[in-house]
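Survey of secondary and tertiary structure
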Amino acid sequence: MDYVTGTMQFHMDGPSAVSLGKFDGLHRGHQKLLEHLAKQKARGLSAVIFTFQQNPTRELSGLSAQNILTNEERRELLEKAGADTLLECPFVPELAHMEPERFVEEILVGQLHMRFAAVGSDFRFGYRRRGDGGLLRKLGERLGFSVEIVEKEQSHGRDISSTYVREALHDGNIPLVNELLGYPYFTEEIVRHGRQIGRTLGMPTTNLAPPEDKLLPRGGVYLTRTEVGEDEYYGITNVGYKPTVGGETRKGVETYLFDFDGDLYGRRLKVEFLEFRRPEQKFRSLDELKAHILADVSWGKHLVRTGKAQP
């Protein structure tokens, strides 16, 4: 997949099918858009995702300021979904004040040679969000492209959206999160050195430190599945600040892998979340902490053994 970021100067060699949006989480609604692009590839059009750069330096204030996927995670999933090109456009003043007609004429048609667009029913674009799917269709009649306006996917009587996913993550409702996403929610980072308290307890763990703008589920203990190269291991993961051992200033992801013995420092791991066990809590001693971890491990292994660990 071609990846272009940090510029408004795009170039496509041939005609394209384009979908536009934030694509945070790449949930089932987004996947529906991607399916329409995939059909256009059979007509010789390149599948192009036009989105905006996720800014990791912006002030974090609430769930909406954090991203369900990091930029790298989003790129990985889009490539697996068959996107040929990902354009991450900077949201600069020139673009923010661009009228929708000019955006379509100069960028989508002029630079991307767009012949097909797939957008959600709530899609808005251009200065003060004046453009919508209806305007896009009118412009298509004049400029020579077709438009598919895709209705929202629903779950439990509610439209699937990134906001819905964020709320479920905040509640620790991992089965719902995974249903909305259509794949297991995950975080993917390089293993860093921790305080090695787990090793002291005879239960060595891996420590991941996702970026601060990555939206993690509520603090607590989860059953997870971790990719280690081509192998997968179930395990127990704690999300939070480790209050029993003095606490951390940054929310982390610490995992004990079942039936694994090896050194993973410096390796990139993907941790998928499957079930919530209990909230993170501070224990009176390391012995009490270990007793609870052993109970968590027993619970997790039971779910795996009985086939209840699948997302």
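Residues numbered from 1 in each chain as written. Predicted model: local features only at pLDDT ≥ 70, side-chain atom pairs only at ≥ 80, totals over all residues. Heavy atoms only, no water.

**Overview of unusual backbone geometry**
A positive phi angle is found at His 113, which is not glycine, with a value near 55 degrees. Mapped onto the secondary structure, His 113 falls in the loop between α4 (100-109) and β5 (114-120). Residue His 113 is classed as partly exposed on the basis of its relative accessible area of 26%. In this structure, His 156 takes a positive phi of about 55 degrees despite not being glycine. With respect to the helices and strands, His 156 occurs in the loop between β9 (154-155) and β10 (158-159). (Helix = DSSP H or I, 4+ residues; strand = E, 2+ residues; numbered from the N terminus. Buried < 20%, exposed > 50% of the residue type's maximum accessible area, 1.4 Å probe, protein only.)

**Quick word on the packing of aromatic side chains**
A full pass over the atoms with the stated rule returns eleven aromatic pairs. Aromatic pair Phe 50 and Phe 52: ring centres 5.8 Å apart, planes at 90 degrees, arrangement edge-to-face. Looking at Phe 50, the relative accessible area reads 1%, which means it is buried. For Phe 52, a relative accessible area of 29% corresponds to the partly exposed category. With a centroid separation of 5.3 Å and 80 degrees between ring planes, the pair formed by Tyr 222 and Phe 273 is classed as edge-to-face. Note that Tyr 222 is positioned in strand β13 (residues 220-228) and Phe 273 in strand β16 (residues 268-279), a separation of 51 residues in sequence. Taken individually, Tyr 222 and Phe 273 each receive the classification buried, so the pair is uniform in this respect. Three or more aromatic residues link up through ring pairs in this structure, and these residues are Phe 10, Phe 50, Phe 52, Phe 103, Phe 123 and Phe 125. One cation-aromatic arrangement involves Arg 75 over Tyr 3; the distance from NZ or CZ to the ring centre is 4.3 Å. Between the NZ or CZ atom of Arg 158 and the centre of the ring of Tyr 164, over which it lies, the distance is 4.2 Å. (Phe/Tyr/Trp six-rings, centres within 6.5 Å; stacked < 30°, edge-to-face > 60°. Lys NZ or Arg CZ within 6 Å of the ring centre and 35° of its normal.)

**What to know about helix α7 (residues 174-181)**
In terms of burial, α7 is a largely internal element, six of the eight residues being buried. For α7, the complete set of buried residues consists of Ile 174, Leu 176, Val 177, Asn 178, Leu 180 and Leu 181.

**Overview of helix α1 (residues 28-41)**
Every α-helix carries 3.6 residues per turn, so stepping three or four residues along brings you back to the same face. The end-to-end C-alpha distance of α1, which contains 14 residues, comes to 20 Å, matching closely the 20 Å that a straight helix rising 1.5 Å per residue would cover. Buried within α1 are the following residues: Gly 29, His 30, Leu 33, Leu 34, His 36, Leu 37 and Gln 40. Burial along α1 is one-sided: seen end-on, the buried residues are contained in an arc of 150 degrees. Away from the buried face of α1 by more than 90 degrees, exposed residues Glu 35 and Lys 39 are located. Buried residues in α1 make contact with β2 (16-20), β3 (46-52), α2 (71-80), β5, β8 (146-150) and α6 (162-171). (Expected span 1.5 Å × (residues − 1). Arc of directions from axis to C-beta. Contact = heavy atoms within 4.5 Å.)

**Here we look at the side chain of Ser 19**
Within the secondary structure, Ser 19 is located in strand β2. Dropping the residues within four chain positions of it, Ser 19 is found in contact with Leu 33, Leu 37, Val 48, Ile 49, Phe 50 and Ala 118.

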